[in-house]
Amino acid sequence: QIAPTAREHLIAQALDDGLIKKEQMQALLKWPQLEDAPKLLLLTDLHAMGGDDAVVDKAIVRDLAKSTDLTVAMFAALLSKNQESIDRTTKYLRRATSTNRDNALLRTTQLIRQYNFKSASPWLVSLLEDGSVALTPNQRYWTLYTLLTVDSVSGLEIWNREVATEPTRIDQVRYLMIVLEAGITPTVEMRERLHIDLSDHLLGNLFMAGLLNGLKEKATEE
């Protein structure tokens with residue numbers, strides 16, 4: 001009986017709080033009146049429960065990938081792992097208005113990070129490498145951040161190519177922060193690549209803080 005927007009937020013919050021069990025998710029997915037956005041959240045949570053090999057309702061995923069709502073369609077296409085569907089939806093993303101494209105990219109990358117969806121790595125690389133979608137500097141930053149989060153190896157390869165030979169102060173901050181935010185321990189090579197002087201009160205301290213945190217996490221794991 002509540003409004004669609006409120007229903008979406010309610011389901012999202014319930015999933016975050018662990019209040020909806022697997023059987024309840026499956027029952028909600030069968031409800032004809034359920035909108036695409038909360039339906040996608042339920043499917044993604046079900047998928048996450050079983051890892052990358054989880055069996056999800058392929059018919060529902062296929063329908064969601066055709067949704068007119070790009071914020072739903074793009075992640076649903078990635079969830080389907082169907083390359084034809086991914087390519088088709090990416091083409092729609094490229095042709096979308098700047099506002100719709102920005103919203104879809106923001107939501108898609110957020111879900112990829114939230115669910116640690118490693119299978120999206122090739123798609124993220126393609127966005128950054130082949131120019132299939134014209135990314136703004138801000139969109140490019142969050143796409144690279146997402147890639148670093150789910151696939152640090154591929155992400156760092158692109159990170160290395162993106163950093164200018166003589167990075168500006170802004171570049172130094174941005175490219176160091178993106179690594180730290182992705183939970184990657186900075187290395188001496190990164191420091192040299194960014195031309196960071198350890199005596200620099202801002203960058204030197206940020207680098208050392210990231211290094212020490214990484215060493216503490218490693219010691220805890222061992």
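Novice: Lay out the side chain of Ser121 in plain terms, naming residues and giving numbers.
Specialist: Positionally, Ser121 belongs in helix H8 (residues 121-129). By relative accessible area, which is 7% here, Ser121 ends up buried. With sequence-adjacent residues up to four places away left out, Ser121 is seen in contact with Leu147, Asp151 and Ser154.

Novice: Describe the environment of Leu203, listing the residues and the values that go with them.
Specialist: Checked against the element boundaries, Leu203 lands in helix H13 (residues 203-221). Considered as a pair, Leu203 and Val173 are 30 residues apart in the sequence and their alpha carbons are 7.0 Å apart.

Novice: Summarise unusual backbone geometry; cite the residues concerned and give the values.
Specialist: Residues other than glycine seldom take positive phi values, yet Lys81 does so here, at roughly 60°. The topology assignment puts Lys81 in the loop between helix H5 (70-80) and helix H6 (83-95).

Novice: Go over the pattern of salt bridges, please, and point to the residues and values.
Specialist: Tallying each qualifying case throughout the model produces four salt bridges. Here Glu35 makes a salt bridge to Arg7, at a shortest N to O gap of 2.5 Å. In this pair, Glu35 sits in the loop between helix H2 (22-29) and helix H3 (36-49) while Arg7 sits in helix H1 (residues 4-16), placing the two residues 28 residues apart along the sequence. Salt-bridge contacts for Glu162 lead to Arg140; the nearest nitrogen and oxygen are separated by 2.5 Å. Of this pair, Glu162 sits in helix H10 (residues 152-162) while Arg140 sits in helix H9 (residues 137-150), and the two are 22 residues apart along the sequence.

Basis of the calculations
Residues numbered from 1 in each chain as written. Predicted model: local features only at pLDDT ≥ 70, side-chain atom pairs only at ≥ 80, totals over all residues. Heavy atoms only, no water. Helix = DSSP H or I, 4+ residues; strand = E, 2+ residues; numbered from the N terminus. Buried < 20%, exposed > 50% of the residue type's maximum accessible area, 1.4 Å probe, protein only. Contact = heavy atoms within 4.5 Å. Salt bridge = Lys/Arg side-chain N within 4 Å of Asp/Glu carboxyl O.

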